[in-house]
Amino acid sequence: MIKTNSTHRIALSKALIQLETGMYQDGIWPNEEPAEHDLKNAMESAVPFAVDCLAFESWLAFIFIPKMRVLLTHEQPLPPMQITPAAEIYLSSANQRTLSQLQRIDNIANGNIG
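Heads up: these notes are all about the structure in this document.

Reading the values: rules and limits
- Residues numbered from 1 in each chain as written.
- Predicted model: local features only at pLDDT ≥ 70, side-chain atom pairs only at ≥ 80, totals over all residues.
- Heavy atoms only, no water.
- 1 Å grid on protein atoms, 1.4 Å probe; cavity = no way out; pocket = protein on both sides within 12 Å on 5 of 7 lines; lining within 4 Å.
- Points joined across faces, edges and corners; volume = space filled by probe spheres on them.
- Helix = DSSP H or I, 4+ residues; strand = E, 2+ residues; numbered from the N terminus.
- Nonpolar A, V, L, I, M, F, W, Y, C, P; charged D, E, K, R; others polar.
- Salt bridge = Lys/Arg side-chain N within 4 Å of Asp/Glu carboxyl O.
- Buried < 20%, exposed > 50% of the residue type's maximum accessible area, 1.4 Å probe, protein only.

1. Some remarks on the layout of surface pockets
There is about 240 Å³ of room inside the largest pocket. Forming the walls of the largest pocket are 15 residues, and the residues nearest its centre are Phe49, Trp59, Ile63, Phe64 and Lys67. Counting residues per element, the ones that place at least two in the lining of the largest pocket are helix H2 (36-44) and helix H3 (56-73). Of the residues contributing to the lining of the largest pocket, the split by class is twelve nonpolar, two polar and one charged.

Here it is as structure tokens:
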């Protein structure tokens, strides 16, 4: 776990906003929120990124982004993560804005905010 300082929190907060914006610009932000039972199943899923319950982009929009914002709000440490390799599998290479922001988030979570 990476203990976050204010620099990490600010960088991650900005990166999450840019991820959301990038998803909209790439045309992959989901049109509607999944049903409550689908979100519950996704939260309980043992499959990485809950792809057995949700599309990857829905997981990003309705589980990952909100969960990261909760960690920031409560000044919790960030878990080390590597989301980009999965994103490269589940998303089109045309989604460069989203992929780029996910790489930035991976870097921040792993201690490299440069």
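2. Overview of the pattern of salt bridges
On inspection of all chains with the given rule, the structure shows three salt bridges. In this structure, Arg97 engages Asp26 in a salt bridge whose closest nitrogen and oxygen atoms are separated by 2.9 Å. On the criterion of sequence distance, the pair formed by Arg97 in helix H5 (residues 96-109) and Asp26 in the loop between helix H1 (6-25) and H2 is long-range, its members being 71 residues apart. Among the residues examined, Arg97 registers a relative accessible area of 44% and is labelled partly exposed.

In short, the description is geometric, and any link to function would need to be established separately.
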